[in-house]
Amino acid sequence: MSSASVATLSLEPNSSHPYEQTSGRHSPIHRLGMWWFLGSEVAVFGGLIVTYLLFRWRHPEWAVQASHTLTWVGITNTVILLTSSLLMVLVHHYTMGGGGAGRSLEERARLGARYMFFVILLGITFLGFKSYEYTHEIHAGYTPARSLFWGFYFLMTGLHGLHVIGGIIANGIGWVGFLKKRDLQRSEPLGIYWHFVDVIWIYLFPLLYLGSSGGTP
Amino acid sequence: MSVAGQSVHHKTSFYIIIWVALLLMLGMSIPLGIEGHSTLATALIFSIATLKAYLVLVYYMGLSYEPRYIAGILIVGFLFVAILFVALIPDMVHIYGRI
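The rules behind each value
- Residues numbered from 1 in each chain as written.
- Chains lettered and ligands numbered in written order.
- Predicted model: local features only at pLDDT ≥ 70, side-chain atom pairs only at ≥ 80, totals over all residues.
- Heavy atoms only, no water.
- Helix = DSSP H or I, 4+ residues; strand = E, 2+ residues; numbered from the N terminus.
- Buried < 20%, exposed > 50% of the residue type's maximum accessible area, 1.4 Å probe, protein only.
- Areas by Shrake-Rupley, 256 points an atom, 1.4 Å probe, with all protein chains shown as cover.
- Phe/Tyr/Trp six-rings, centres within 6.5 Å; stacked < 30°, edge-to-face > 60°.
- Contact = heavy atoms within 4.5 Å.
- Salt bridge = Lys/Arg side-chain N within 4 Å of Asp/Glu carboxyl O.
- Patch = residues over 30% accessible without salt bridge, like charges linked within 9 Å, V, L, I, M, F, W, Y side chains within 5 Å.

**Structural notes on the overall build of chain B**
Each helix and strand in chain B was counted, giving three helices and two strands. Tracing chain B from N to C terminus, the helices and strands come up as β-β-α-α-α. When each of the 99 residues of chain B is scored for burial, the buried share is 41%. Element-wise, carbon and sulfur atoms account for 76% of the exposed surface of chain B, whose accessible area totals about 5,300 Å².

This is the structure:
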């Protein structure tokens, strides 16, 4: 990383972000806690994905069932989550002092709140598309009880959807804090979590929506 | 993203470039997934997905700026997944006669 492309936030004696003043080889406790949580999430989602892959490997006919998922909704939701990730990284960027060392706390909070609002909006939009997709599939008779594939489909996307809902609630709490010009450091664990939700979807999308026209995944 | 307790910032254009790259890779994987029937297409789709996940992990989540033990925490999660995978193989052999 070149020094020209990276600016390091200067530490203020009375910084409102205590973790910025930590030093050494340790990650601040709120980030460390989030990483530990995500470590357990890797096992949860990874276990589901591995089990799905093992079954799908033995059931090439699942490709036909996967062709009944709404690929255009999957693509749209992928774009939505990727865009929300970009906005979330901008939330972190501005709240933690990026984009100019001279920004005041008020301005950082205002910019963070603005971008966080759109992250929340995109999260709700994601859920809207997902709800439409579920409605379409259930009306067509594709329920979790229909086959093992649809059981996996609803379990994995449903669990991911619950994580999106949790992320929206947490982001909402963060957003309120930004509006009150406090707790700007929350953008770090909130961002890490939201990006992780995005990473999970990056794998769920090809697993459940692509490779549906034949062959094994 | 942070390093040694301090926040590290790229320019906003850098994050936008990453976002464009992610969208381009999504665009590449869609025709592969819809038209692709081969093992090669499948391998390419998941290679692209892994590259996308890498970009998000490293540049958006800032994993490369964290202490190494943070990556170790995630690796432990992957180890549990690997154990589950190995543990499921006898069941698959029992049900299907072979893996």
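**Examining the packing of aromatic side chains**
Residue and element names in this part refer to chain A. Summed over the entire model, instances satisfying the criterion amount to 28 aromatic pairs over all chains. On the basis of an interplanar angle of 55° and a centroid distance of 5.9 Å, the ring pair of Trp-72 and Tyr-132 is categorised as tilted. You can see Trp-72 sitting in helix α3 (residues 71-95) and its partner Tyr-132 sitting in helix α4 (residues 105-139), a full 60 residues away along the chain. Classification of Trp-72 as partly exposed rests on a relative accessible area of 45%. The exposure class assigned to Tyr-132 is partly exposed, which follows from its relative accessible area of 43%.

**A closer look at the side chain of Thr-78 of chain A**
In this structure, Thr-78 of chain A sits in helix α3. Residue classification places Thr-78 of chain A among the buried positions, given a relative accessible area of 1%. In this view, Thr-78 of chain A contacts Trp-201 and Phe-205 of chain A together with Leu-26 and Lys-52 of chain B; residues no more than four positions away in its chain are not counted.

**Considerations on the pattern of salt bridges**
Pairing between side chains of opposite charge can happen when their charged atoms approach one another. The final tally for this structure, using the stated rule, is seven salt bridges over all chains. A salt bridge links Glu-66 of chain B to Arg-31 of chain A; its shortest N-O distance comes to 2.8 Å. In this pair, Glu-66 of chain B sits in the loop between α2 (39-60) and α3 (68-96) while Arg-31 of chain A sits in helix α1 (residues 29-58), so the two residues belong to two different chains. There is no split in this pair, since Glu-66 of chain B and Arg-31 of chain A are both buried. The shortest N-O distance in the salt bridge between Lys-130 of chain A and Glu-133 of chain A comes to 2.6 Å. One end of the pair, Lys-130 of chain A, and the other, Glu-133 of chain A, are both in helix α4, three residues apart, so they sit about a helical turn from each other. Across the pair, Glu-133 of chain A and Lys-130 of chain A agree in class, each one buried. Look at the salt bridges and you will find they share partners, linking Arg-31 and Glu-188 of chain A together with Glu-66 of chain B into a network.

**Quick notes on a nonpolar patch on the surface**
Where nonpolar side chains cluster on the molecular surface, the patch consists of Leu-162, Ile-165, Ile-169 and Ile-173 of chain A and spans about 380 Å² of accessible area. Looking at where Ile-173 of chain A falls in the secondary structure, it is placed in helix α5 (residues 148-179).

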